[in-house]
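Listed below are the residues making up each chain.
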Amino acid sequence: VGVGVVTGLVFSWQPDQDMGESAGSAPYRTLEDTMSETTGNPKNADLHKFADEASFVHHATDENSRGDYTYINDPSINGDANAIVLVAPSTDRGNARGASYDHNIGVWYEGVVRQWAVFNQDRTAIPGGTAFEVVVPPASQSFVHYAVPDNTISNSTYLNNALTNDESNAELSVTQNWNPGGGWGVYNDHPIGVVYDQDVQEWAIYNQDGTLMPNGAAFNVAVSGNGEPAR
């Protein structure tokens, strides 16, 4: 089994996300994707770099934040509920908070304002001034993965995709996505990682603390290239 590194990885009103089971009805999609190795701490991991990506640093302010989430206002993703958005805490401007940001984060799409937002999975308020690195990878190198009963075992959900299958050297960036396409979503307040299973020749996303993977949990996944073979 080879282990790799993940990112964090993941509106004017926020629906009660305890209704997460409704997201489990979303169809399981195996879009074209490849996974990257990481020992996944979404709080501290760096995002992989992609060709032709959109990337920028977002700063949480009183104007763009609402409690546990902060809106990302950028033309590359505004109005696009199906965008693949990757985020990770940043140390931009010498802000040391990003290196020790003590919350599992994710992204979600708010249909009323038609913007994506970064949120804390534990629903605590995002401190003003917190910086997040944001990457929007090319569509050809990214996809959304849903955890459903057919691909989930205990705390792990397997990615069965042509770009990741039998690709032990692949490199991935992963961010939790509360509600792909908008609508209701699923919380997963746990640090995640990715691992390559040699027995089935597939990558899996897993909860590092051993907690069962919730049905309907969704993840934005992007592939940045090949690295050293997983060991």
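Residues numbered from 1 in each chain as written. Predicted model: local features only at pLDDT ≥ 70, side-chain atom pairs only at ≥ 80, totals over all residues. Heavy atoms only, no water.

**A short note on the overall build of the protein**
Of regular secondary structure, the protein possesses zero helices and 15 strands. The buried share of the protein, reckoned over its 231 residues, is 56%. Split by element, the accessible area of the protein, about 9,400 Å² in all, is 47% carbon and sulfur. (Helix = DSSP H or I, 4+ residues; strand = E, 2+ residues; numbered from the N terminus. Buried < 20%, exposed > 50% of the residue type's maximum accessible area, 1.4 Å probe, protein only. Areas by Shrake-Rupley, 256 points an atom, 1.4 Å probe, with all protein chains shown as cover.)

**So, the nonpolar core**
Membership of the largest hydrophobic core comes to 18 residues, with the highest contact counts inside it found for Ile72, Ile77, Val85, Val87 and Trp116. Looking at this core, the elements with two or more residues in it are strand 6 (105-110), strand 7 (115-120) and strand 8 (131-136). Once residues lying within four places of it in the same chain are set aside, the contact partners of Val85 are Ile72, Ile77, Val107, Trp116, Val134, Val135, Thr175 and Asn220. Core analysis: the second largest hydrophobic core is formed by 16 residues, Phe143, Val186, Ile192 and Ala217 among them. (Core = buried A, V, L, I, M, F, W, Y, C linked by side-chain atoms within 4.5 Å. Contact = heavy atoms within 4.5 Å.)

**Some details on empty space enclosed by the protein**
Estimated volume of the largest cavity: approximately 30 Å³. Surrounding the largest cavity, Gln121, Gln176, Asn177, Trp178, Val186, Asn188, Ala217, Ala218 and Phe219 form its lining. Of all elements in the fold, only strand 12 (170-177) and strand 15 (218-226) reach the threshold of two or more residues within the lining of the largest cavity. Here the lining of the largest cavity is composed, by residue class, of five nonpolar, four polar and no charged. (1 Å grid on protein atoms, 1.4 Å probe; cavity = no way out; pocket = protein on both sides within 12 Å on 5 of 7 lines; lining within 4 Å. Points joined across faces, edges and corners; volume = space filled by probe spheres on them. Nonpolar A, V, L, I, M, F, W, Y, C, P; charged D, E, K, R; others polar.)

**Observations regarding the side chain of Ser156**
By secondary structure assignment, the location of Ser156 is in strand 11 (residues 156-159). A distance of 3.4 Å separates polar atoms of two side chains, one belonging to Ser156 and the other to Asn155. (Polar contact = N/O pair within 3.5 Å; in protein donor to acceptor, adjacent residues only side chain to side chain.)

**Focus: the side chain of His190**
As for its placement among the helices and strands, His190 is situated in the loop between strand 12 and strand 13 (192-197). We classify His190 as buried; its relative accessible area is 17%. Here Asp209 takes part through its side chain, which lies 2.7 Å from a polar atom of the side chain of His190.

**Looking at the pairing of strand 11**
Residues in a regular strand point their side chains to alternate faces of the sheet. Here strand 11 shows no split at all, with Ser156 and Tyr158 on one side and Thr157 and Leu159 on the other all buried. With two bridges joining them, strand 10 (residues 152-153) and strand 11 adopt antiparallel strand pairing. Across the sheet, the residue bridging to Ile153 is Ser156, located in strand 11. A loop of two residues connects strand 10 with strand 11, the two strands running antiparallel in sequence, and Ser154 in this loop sits at a positive phi of about 55°. The pairing of strand 11 with strand 14 (residues 202-207) spans four bridges and is classified as antiparallel. Counted as the bridge partner of Leu159 is Trp203 from strand 14. (Pairing = 2+ DSSP bridges.)

**Regarding the sheet that holds strand 2 (residues 54-59)**
Within the open sheet, the three strands sit side by side as 2-8-5. Their pairing is antiparallel. Strands with a single pairing partner mark the edges of an open sheet, and in this sheet they are strand 2 and strand 5 (86-89). With direction set aside, neighbouring strand axes in the sheet form an average angle of 20°. (Axes fitted to C-alpha atoms, helices over the stretch in contact; angles between N-to-C directions.)

**Side note on the packing of aromatic side chains**
On inspection of all chains with the given rule, the structure shows eight aromatic pairs. Taking the centre distance of 5.3 Å and the plane angle of 85° together, the rings of Tyr69 and Trp108 count as edge-to-face. One end of the pair, Tyr69, is in strand 4 (residues 69-72); the other, Trp108, is in strand 6, with 39 residues separating them in the sequence. For the pair Tyr69 and Trp108, a shared accessibility class is recorded, and that class is buried. (Phe/Tyr/Trp six-rings, centres within 6.5 Å; stacked < 30°, edge-to-face > 60°.)

**Brief notes about the confidence of the model for the protein**
The pLDDT averaged across the protein works out to 79; a share of 72% of its residues lies at or above 70. Overall, residues 1-44 carries pLDDT values under 50, and its contacts beyond four positions in sequence, including any with other chains, amount to 205 contacts. Taken together, the stretch residues 227-231 has pLDDT below 50 and engages in 17 contacts with residues farther than four places along the chain or on a different chain. (pLDDT = per-residue confidence, 0-100.)

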